[in-house]
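Structure at a glance
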Amino acid sequence: MTYSWYGLAAPTGNNGASQICELDHLVPLELGGADGLGNIWPQCGPDDVRLRDRYFKRKDQVENYLAAKVRAGEMSLEEAQRGIAADWTQYLDVSKAP
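In this report, we go over the structure that sits alongside the text.

Looking at the pattern of salt bridges
Under the counting rule described, the total for this entry stands at five salt bridges. Between Lys59 and Asp24 there is a salt bridge whose closest N-O contact spans 3.7 Å. In this pair, Lys59 sits in helix α2 (residues 55-71) while Asp24 sits in strand β1 (residues 21-25), placing the two residues 35 residues apart along the sequence. The residues Lys59 and Asp24 share a single accessibility class, namely buried. Notably, a salt bridge pairs Arg50 with Asp53, separated by 3.0 Å at the nearest N-O pair. Salt bridges sharing common partners tie together Asp24, Lys59 and Glu63.

A word on the packing of aromatic side chains
Taken as a whole and judged by the stated rule, the model has one aromatic pair. Measuring from centroid to centroid gives 5.1 Å for Trp5 and Tyr6, while their planes differ by 85°, and the two rings are edge-to-face.

A word on unusual backbone geometry
The step from Gly45 to Pro46 runs through a cis peptide bond, and the omega angle for that step is -20°. Within the fold, Pro46 resides in the loop between β2 (40-44) and α2.

A few points about helix α3 (residues 77-87)
Residue pairs three or four apart in sequence face the same way in an α-helix, which turns once every 3.6 residues. Buried within α3 are the following residues: Ala80, Gly83 and Ile84. Projected down its long axis, α3 shows its buried positions confined to an angular sector of 90°, all on one face. Summarising the geometry of α3, the exposed residues directed more than 90 degrees from the buried face are Arg82 and Ala86.

Describing α2
Compared with an ideal rise of 1.5 Å per residue, which puts 17 residues at 24 Å, α2 spans 24 Å between its outermost C-alpha atoms and is within 8% of the ideal. Listing the buried residues of α2 in full gives Phe56, Lys59, Val62, Glu63, Leu66 and Ala67. Viewed end-on, α2 has its buried residues packed into an arc of 135°, placing them on one side of the element. Looking at the buried positions of α2, the neighbouring elements they touch are β1, β2, α3 and α4 (92-95). Two residues or fewer past α2, Gly73 is found with a positive phi of approximately 75°.

What counts and what doesn't
Position numbers for residues count from 1 along each chain, tracking the sequence in the order it is written. In keeping with the model being predicted, local features are shown solely for residues with a pLDDT of at least 70 and side-chain atom pairs are shown and tallied solely at 80 or more, while totals for entire chains, interfaces and linings include all residues. Computation of side-chain values covers all heavy atoms of the structure but excludes hydrogens and water. By definition here, a salt bridge exists when the distance from a side-chain nitrogen of Lys or Arg to a carboxyl oxygen of Asp or Glu is within 4 Å. For the purposes of this entry, the term helix denotes a DSSP run of H or I that reaches at least four residues, the term strand denotes a run of E that reaches at least two, and both are numbered from the N terminus. Type-normalised accessible area, obtained with a 1.4 Å probe on protein chains alone, sets the label of each residue: buried when under 20%, exposed when over 50%, and partly exposed for intermediate values. Any two rings among Phe, Tyr and Trp, with Trp reduced to its six-membered ring, count as a pair given centres within 6.5 Å; such a pair is stacked if its planes are under 30 degrees apart, edge-to-face if over 60, and tilted if neither. Arc, as used here, means the arc of the directions from the helix axis to the C-beta atoms. For a helix, the expected span equals 1.5 Å multiplied by the number of residues minus one. A contact between two residues is defined here by any heavy atoms of the two lying within 4.5 Å.

Set out below in structure tokens:
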């Protein structure tokens with residue numbers, strides 16, 4: 001249903017190492033995001049890289065980083081929500097594990 005809401009066909013064989021899309025929360029649940037169509041979107045690709053380097057896997061790293069910052073009191077929940085919704089890629093470099 002979510003893919004069709006966005007006017008897209010659901011990818012076939014979309015699992016395991018061949019997964020190219022994930023239905024992802026724009027603002028993740030751990031940052032107070034809603035669990036509805038207005039906050040869930042198909043995040044796809046690129047399919048020419050390893051699974052761990054696909055956008056939806058890299059966004060997971062950002063989500064974990066921001067949630068940790070909020071829990072530690074180093075960032076407000078509102079700032080984390082606005083930042084990830086506006087452009088989650090702005091946190092890619094700082095969210096990489098040491």
